[in-house]
Amino acid sequence: MNADEILRSYHALCAVRSPWEGWWRTLRRYVLPNRQEAEEGAAPESRRLADTTAVEACQKLASAHLSYLTPGHELWFKWGSPRHDAGDEAEAWYNTCSDIANRELSLSNFYTALHECFLDRVALGTGSLYCGTTRSGSLLFRHIPCGHFVCGENDEGTVDTYMREFSFTPHQAASQFGTRSLGPRAQAMLRNPVTQHEPGLRFLHIVSPRTGRNTRRNNTRNKPFRSVYFSLDDNCTVEESGYNEMPYMVTRFLRWGDGPYGLPPARLVYPDILQAQFLNRILDMLGEVAAFPRILELANQVGEVDLRAGGRTLISPESASLGFPREWATQGRYDVGMDRLRQKQDAIRRAFFLPMLEIWSENKQHMTAAEVYARENERVMLFSPSFTLFACDFRPLMERIFALLFRRGAFPRPPASAQQTDAEGRASVAMPQVVYQGRIAMVMRRIRSEGIERALQRLQNMAGLNPELVDHVDLDRTFRLAARMDGAPEEVLRSTSSLRRLRRKREEQAAQAAAAAQAAQTANPAATLI
């Protein structure tokens, strides 16, 4: 790609993004005021907010993403074999890899960067995260703020084109790209001791599918994704390489039309957010009027009325007969305003799914387990569209993490059942299927797990009428599937080979005991008669 092609593609994607930019600026003002101050250099918008319901709701829902979708203190995902007929050995290997990956994520900056990504996903509808490695080979993640990147989707709706604009100091640029790769302006600033650490060099990172590559060669110029670093100041390419997987993840809260950017919950209740700001200002004014009432006085009483606590004001009989001084225009209905404000605030909280979060904090002492499950199912299923989109958007990131750790040699040797052969006869490990284990995912999978339990209960009730009905169910596979669905650690499950050896040994012991009993009966037949 030459410079003109890069700039034309970038400006075209910026034009696609432009309808969202106005909404992002507006929503930052009412939902993420600190982010607007940090990114746009604006005055702290939090000082102008009269109502912080949307701000608090955004913080709670973003934290809930981290606590209930990707909790760092729990095993929140498991990898499994994409083939249903791969066997338990392959399933166990993928599960072991997921345990290793969870430990690697906890040692990296994953959860710190992911929380910032979730804030953008909730507040602005679109979040982005970069996944790579440090020079030492450990995992590295970087949050890309919403509005600092443009992206495009392929025909399947997957983000496969990504461009982000960022700034470097000359020293940082030379550290990443090398001095010789920089353009004239960057090199001049680098040679000057005063400017070599000043920010201001603008670069563009372009990641897009590579066409016409040689699949038999795995060098940087033939990888599936092209990577180009372009200097916007010197109008030249400073580095060109490639990736085996898309390094950038884009997650949307909800789909918004056919564009690649998402719809945030605040967009749906934006009028309520504005009304809450207005009503809070009105109620503040009513409260001030109640505390410091307006005073109506005669013209000749100016300066004579003492409004201090315990103050004394002397008035003439004529003023007293007219009722002056007296309070004036203090009859506002504070209670009506509070009722309207609560309605607006409740609408905002519902849009941010706060009732769903309250089910795990409310008192359940007087509720049965069935009632708790029913309430969880009812409220969490409303979040299902956003969770489904989260799982879809996170798939490239999880594949990227798997591939990076596999190439680094962090996983044990894969069994033959976990490998696949392509059309040219080359063996490779299949990308795993991701099963999420967070609380929200567990509630959504409960319906499937409850289906297994109901089927087994019905089988137990009907087996008394016809014992052959048990032949319909593979109990070994059913139990292992249910245990993994419930998030049981892989260590508690024996491998199928160990299970076969255990059962064979048990059969041999039973056969030996039967043979010994038969021999004893033959040697002493009278004992049997007794």
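Further up the page is the structure itself.
Note that the structure is predicted; figures quoted are calculated from it, not measured. (Residues numbered from 1 in each chain as written. Predicted model: local features only at pLDDT ≥ 70, side-chain atom pairs only at ≥ 80, totals over all residues. Heavy atoms only, no water.)

Participant: Mind laying out the sheet that holds strand β6 (residues 201-209), listing which residues take part and the relevant values?
Facilitator: Strands sit in the order β4-β5-β6-β7-β8 across an open sheet of five strands; the sheet is antiparallel. Two strands close off the open sheet at either side, each with one partner strand: β4 (149-153) and β8 (236-243). On average, adjacent strands in this sheet sit at an angle of 15° to one another, irrespective of strand direction. Pairing of β4 with strand β5 (residues 159-168) involves five bridges; the strand directions are antiparallel. Within the sheet, the bridge partner assigned to Cys151 lies in β5 and is Tyr162. (Pairing = 2+ DSSP bridges. Helix = DSSP H or I, 4+ residues; strand = E, 2+ residues; numbered from the N terminus. Axes fitted to C-alpha atoms, helices over the stretch in contact; angles between N-to-C directions.)

Participant: Explain the packing of helix α4 (residues 88-107) against helix α14 (residues 384-408) to me, and be specific about the residues and the numbers.
Facilitator: Think of two packed helices as two axes; the pair is described by the angle between the axes and how far apart they sit. Between α4 and α14, the least distance of the axes is 11 Å, while the angle of their chain directions is 95°. As summarised for this structure, α4 and α14 are arranged roughly perpendicular, according to the angle between their axes. Seen from α4, the contacting residues are Trp93, Tyr94, Cys97, Ala101, Glu104 and Leu105; seen from α14, they are Ile401, Phe402, Leu405, Phe406 and Arg408. Residue classes in the contact of α4 with α14 are distributed as nine nonpolar, no polar and two charged. (Parallel < 35°, antiparallel > 145°, perpendicular 65-115°, else oblique. Contact = heavy atoms within 4.5 Å. Nonpolar A, V, L, I, M, F, W, Y, C, P; charged D, E, K, R; others polar.)

Participant: Run through helix α7 (residues 184-191), naming residues and quoting values.
Facilitator: For α7, the set of buried residues is Ala186, Met189 and Leu190. One side of α7 carries all its buried residues, which in axial view fall inside an arc of 100°. Turned more than 90 degrees away from the buried face of α7 sit Pro184 and Arg191, all of them exposed. Contacts made by the buried residues of α7 are with α6 (170-177) and β6. (Buried < 20%, exposed > 50% of the residue type's maximum accessible area, 1.4 Å probe, protein only. Arc of directions from axis to C-beta.)

Participant: Help me get a handle on the packing of aromatic side chains, residues and values and all.
Facilitator: For the coordinates displayed, the defined rule picks out 38 aromatic pairs. Considering the side-chain rings of Trp24 and Tyr261, the 5.5 Å spacing of their centres and the 80° angle between planes classify their relative orientation as edge-to-face. Highlighted residues: Trp24 in helix α1 (residues 3-30) and Tyr261 in the loop between β9 (248-252) and α8 (265-268), separated in sequence by 237 residues. Each member of the pair, Trp24 as well as Tyr261, carries the same accessibility label: buried. Where Phe166 meets Phe168, the ring centres are 5.0 Å apart and the plane angle is 80°; that geometry is what we call edge-to-face. Accessibility classification places Phe166 together with Phe168 in one group, the buried group. Positioned over the ring face of Phe166 is Arg164, at 4.4 Å from the centre of the ring. (Phe/Tyr/Trp six-rings, centres within 6.5 Å; stacked < 30°, edge-to-face > 60°. Lys NZ or Arg CZ within 6 Å of the ring centre and 35° of its normal.)

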